[in-house]
Structure formats: C-alpha cells, structure tokens
Amino acid sequence: MSLARASLCALLAAHAACADEYTVTVGADMGLQGVPKNFVGFSMEVSATRGFIGESGTDESYAQLLKNLRAASEVVGDEPTKLRIGGNSADESCYEGGSSRCGYNITAADLDAYKAFASSTVDFPLKFVLGVNFGLSTDPREFALKHVQAVGKLGIWDVVAGIEIGNEQDTYSGNNRGYRNSSFTFADFKEQYANFVSVLTAEGGVPGPKFVQGGAFCCPKGDWSAGLLDHVRSLEASLVSFSLHDYPRSYCSSNPNQTILGDDCAYRPLYQPIRGGNYSYQQYANATSVPFWIGEGNSASCGGLPNISDTFSATLWALDYLPYLSKAGYQGMNFHGGPHPPGGYTPVVDVNGSLSVEPLYYGLLGFAQLTANSARWLASEVKPQVGDVRCDTGIVANEICCAASCGSCDGTGCDSRPGGSSACCGSNIKSANKSCAFQDPPCLIEPSDDFMLVVHAVKDTVKNEVRMVIVSKFGDDVRTANVCPSTETTWSPSATASAMRITAPSQHSKFGDSLSFGGQTFDNSTDGTLQGTRQIMTLNQDPSSHCFTLDIPPMSAAIVYIPQ
C-alpha cells in the first residue's frame, strides 16, 4: 500500500508536531441562501412528547431550551419554532384507540398538552408537525382522519404547521412490522398517499389547501429516488414542506465494533461530512417551491452510537454537519430523540421528569449563534503552514508532487530533468516516502487533513460582522489558526475580533462533565438556562497581515467574531 493510501491517523500521529499551524482564509459570498432562522429544531416520538413538554404542556425548562436556540438565532417576529412529533411511533399510534394493533393511544389530553405548551408555556411562536398513521391501514378513514379531525375539534390548528402522513414509507415493504407486503412499490405508495391527502382535505376540517409535510422518507432508492421530484410536484398544492431523513451512521445492527474507541481516529467516520445519502437531494431544493427539510435525523440511527452520540464528540460533529445541510439548500433540520435514556443521541433527555442537556445540544446552540440573522455563507480555505499539501508549488502526476524545476513530473526521461531523479521521478519520490503535508516538493500527495481542522464562515449583514466556527478534531495537541482576509472579504485595519470557546475535558465527556459554552454550562441548570459567567477572548489584528491568531485546543471549537 502506498503512503498516499495509508492511514491518515498513523500519518498524523507520526508527524503531530509538524502540522500545528494553519492559515484560514475567508473568501467570497458563496451565492447561497441566507441560513433560515429556526434552522435547528427537534423531532420526538409520539409517546415521548409529553415527557418533554410536560404532561399538561407546562414544562418551562424545555420551553427555555427552545428559547435559547431561538435567541441565539436572533429570531424576531412571528416566525415559529417547529417541533415534529412522529417517527416510527406515528405508524403505531391511533387517536382514541380503535385497534389492538395501535401501540400508543393518542387522546384529547395529548392534543390539549400540545396546545397549552405552544399557546401558554412558551412566550414565542411555536408550531407542531403532527405525524398521523399511514402504516396500519390503506384506508385514511380508519386512523388518520380521526386524528386530523380531532385537531380541528379541539381547536389546535393555530399551533400546527403541518400534518405528516406516515413515516419512512420507502421501508414498508422491507420492514418486519407488516405495514405492506413485499410487492409494495413507489407507484402503490403514490396512489395510496394521494388518496389520504384527498380524504383529509375533504373531510378533515383542515384550515387550507396547504397542510401536509410530505415525504418522511428514510433512504429512497430506485423508483423512490428517480420519481421523488415528480411526486413532490404532483402534490405541490398541498405541501407546506417535504421531509427527508438523514443519519450518517447506523447502530441498528448493534455492531460492537462501532462502540470500540481505540483512539481519536475512531471518531473520524462520524465526523466526516456526509457525501452521499440524502445530502445528494440538494438538487431538489431549487427545483420546486416546496421547502425541503431534514425532518428527522441525528448522528446514527436506532438511538445513536453509545459513547459517541452522547459525548462531546457529537458537539463537534454537529458544528460541522449542520453547515453542510444548510449549504445544500435544506431549510431546517430536526434532531430526533426520545424516549431514549442517557446513552443515546437525544439532545435533551427526560430522566424521570427532569431534563438533562446533552453534549449535542451545545453544538446546536453554537450553530444557531454562528448563523444568527440569516447570515450568508462565505467560502473559506484551511491550509497547513508547513508543507505544500496540495502541491501548489510543484507539478502533479497522480499522487506524486515533483519539484517545479522538473518541468514535467514522472515519465520517461524524468531522471535527466533539472532536479534529477529524486525530484522528478515517481519511483524515487515514493521510495523517499515524504508527505506533502509536512514538506515542500518533491513529496507524496496525501489525503488532506482539512477535515481535521474545519472552518465554516458567514457574513451577518445585520451586524456587519464576519463569523466563523473553527473545529479541531485533532486529539493530540493545540493547533494554531491564523484567520486572514482575502480580496473578496476584508475587515477594517483597526478591527478587534473576539472569540468564544466550546470545550470539554475530553471528547468522551458527557452531561455533568463540565462542558463549557463560552465559560458557561448547563450542568446543574434546573431551568434550561446557561450557568456561570460568559467568557469572551479578545483577538488583536496583526498590522501587516491583518490576520487574527487563535490557538485551538485538541477536540474543541471556537466561534470567532470579526466586525467589518
């Protein structure tokens, strides 16, 4: 195996002291949408909802945790925060019973609790997306219609953003719950779904033609993928939004290898930004007027990865993951949870009636603060100050970086070119086994360690401020980030920046282990507010380079604020 294909973990371990300083360059506006306010929301199972909002919808600490996210995003006016009630339990729940197959009996008390929470407990606009049963019957009048009619009878349409019909219907033919037989196709689904929409529209007492959050697909493949956009367009008159689910990893098989954390590198698969899955559906975001959401998701399906999803590693993952979803065109992300106890992926855990704020929540709060005021994404580049990781000063041939003096790289006659065989011939450069991550050409081009020091930058046009989150996933040592302007994005030569750190004793830290959000913590908080005094660092600008320098401890993050 060539060095270029060798483990990057081993490479970084061997040269940890070499690549310890990086230049972060802030570039131009990426031409994307501003980040929607209230981008971050929660999703919960039907049976778990009152454990969060309170049996009567009066849990003020949960209301405060939602308010924290809203305040961090600097949301003003009547734009509602959204909570989605659904998941697998939506297809196992029925309003006022009616069948022994119904796993949870939704009653008027549930709907009254929803209304009380949204109308009285919170002091800001809040609406629910309610999941109704599509799995247990192909007849909408058997279960779904009764649920929707009850929403009107109990007068809670004013706190409902949409109705979601079923959950992960693209898995019905392959699951073991017996919702549909093995021959169930996308064509069958479309016919049945259209009938549900028609009946609920005509008989459900809905407040208007647009009342459905469509989709709730798990992982559409084949016809489910190819026909998705046409399906959305056929229902466009009824859809307030369309939902896809995204879990970068899975714990459904309970593979023990997923819980063995030998070193920092074990966390890396979770950290890497998604490249496949529902991220690829960004093409639909601008192809229809219907907003696309990640209506349910988290770090790993089936409750999360033990000792990862419930630790500070999830904080850092969220700070890297959410920007990719926004840049892809999604309008929001609902983090799923409940009724899982501590040890799962739930951002806020209900433990015998008390709420614990899990590490993941710190990441959501950081993202909300980063993207406040519908900030716009800026391009950014992270480059080690040691070596020439991209072979910018040399000549590339496959994974070889020859010296510029060679004129061309590798091939016949390479040994007779200026620089000789050691600088111009691939076999010699491979034998020397020197990485471009740590030295100038000649060298071997390695997989970039950019994803180990991650930067996402925005421009807040309301505050006239550049902000960025810098996340270090290195586990061995402090990294130094020199944050510099570009021709496209500049700041005043007299500007003084500030920074707020998001830290924990280790990547393994959990609730109660002194996680810090700018010096404050939710440890021992009984009302959902941060405890302690906020700590903000001042960064002085280098007068010649106009860069700001900040040390980033291992496995930590910082949000940098630069006034323009």
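Right above here is the structure, for reference.
This text gives an overview of the structure that appears in the document. Note that residues are indexed from 1 along each chain, following the sequence as it is written. Two thresholds apply to this predicted model, a pLDDT of at least 70 for residue-level local features and 80 or more for giving and counting side-chain atom pairs, whereas whole-chain, interface and lining totals are computed over all residues. Computation of side-chain values: all heavy atoms of the structure, hydrogens and water removed.

### Some details on the state of the cysteines
Our working definition of a disulfide is a cysteine sulfur pair at a distance within 2.5 Å. Counting across every chain of the model gives nine disulfides. Across the disulfide from Cys 252 sits Cys 302; the S-S distance is 1.9 Å. Disulfide Cys 252-Cys 302: torsion about the S-S bond near 85°, hence right-handed. Within this pair, whereas Cys 252 is found in the loop between strand 10 (249-250) and helix 9 (268-271), its partner Cys 302 is found in the loop between strand 12 (300-301) and helix 10 (312-327), the two being separated by 50 residues in sequence. Relative accessibility decides the category of a residue: with a 1.4 Å probe and only protein chains considered, values under 20% of the type maximum give buried, values over 50% give exposed, and everything between is partly exposed. Looking at Cys 252, the relative accessible area reads 45%, which means it is partly exposed. Here Cys 406 is linked by a disulfide to Cys 424, with a sulfur-sulfur distance of 2.0 Å. As the torsion about the S-S bond is roughly -90°, the Cys 406-Cys 424 disulfide counts as left-handed. Of this pair, Cys 406 sits in the loop between strand 18 (400-402) and helix 12 (421-424) while Cys 424 sits in helix 12, placing them 18 residues apart in sequence. Taking the relative accessible area as the measure of exposure, Cys 424 reaches 0% and is therefore buried. Strands are runs of DSSP state E lasting at least two residues, helices are runs of H or I lasting at least four, and both sets are numbered from the N terminus onward.

### Regarding the nonpolar core
Core analysis: the largest hydrophobic core is formed by 110 residues, its most contacted members being Phe 42, Tyr 62, Phe 117 and Ile 165. No other element matches the nine residues that helix 10 contributes to this core. In contact with Tyr 62, other than residues within four places in its own chain, are Phe 42, Met 44, Phe 52, Ile 53, Leu 83, Phe 117, Val 348 and Leu 355. The nonpolar core is taken to be a set of buried Ala, Val, Leu, Ile, Met, Phe, Trp, Tyr and Cys residues, with the residues joined through side-chain atoms within 4.5 Å. Residues Leu 378, Leu 453, Leu 539 and Leu 550 belong to the second largest nonpolar core, which totals 25 residues. In what follows, residue pairs with any heavy atoms lying within 4.5 Å of each other are defined as contacts.

### Examining helix 3 (residues 60-72)
An expected span of 1.5 Å times one less than the residue number is assigned to each helix. Here helix 3 contains 13 residues, and its C-alpha end-to-end distance of 18 Å stays within 8% of the 18 Å for a straight helix at 1.5 Å per residue. Those residues of helix 3 that fall on the buried side of the exposure criterion are Ser 61, Tyr 62, Ala 63, Leu 65, Leu 66, Asn 68, Leu 69, Arg 70 and Ala 72.

### Focus: the packing of aromatic side chains
Pairs were defined over the aromatic rings of Phe, Tyr and Trp, the Trp ring being its six-membered one, requiring ring centres within 6.5 Å. Orientation was assigned from the angle between planes: stacked under 30 degrees, edge-to-face over 60, tilted for the rest. The final tally for this structure, using the stated rule, is 28 aromatic pairs. Between Phe 189 and Trp 224, the aromatic rings sit 5.0 Å apart at their centres with planes inclined by 40°, giving tilted as the arrangement. A residue pair is termed long-range when its members are at least 10 positions apart, and Phe 189 in helix 6 (residues 186-203) and Trp 224 in helix 7 (residues 223-226) qualify at 35 residues. Each ring, one from Tyr 361 and one from Phe 522, has its centre 5.3 Å from the other, and the planes form 85°; the classification is edge-to-face. Of the two residues, Tyr 361 sits in helix 11 (residues 359-370) while Phe 522 sits in the loop between strand 24 (516-517) and strand 25 (537-539), which places them 161 residues apart along the sequence. The class for Phe 522 is buried, based on a relative accessible area of 1%. One aromatic cluster is present, built from ring pairs that chain together Phe 134, Tyr 172, Tyr 179, Phe 184, Phe 186, Phe 189, Tyr 193, Phe 196, Phe 217, Trp 224, Phe 242 and Phe 292. A ring is considered to have a charge above it if a Lys NZ or an Arg CZ atom is located within 6 Å of its centre and within 35 degrees of its normal. Just above the ring of Trp 377 sits the side chain of Lys 327; from NZ or CZ to the centre is 4.9 Å.

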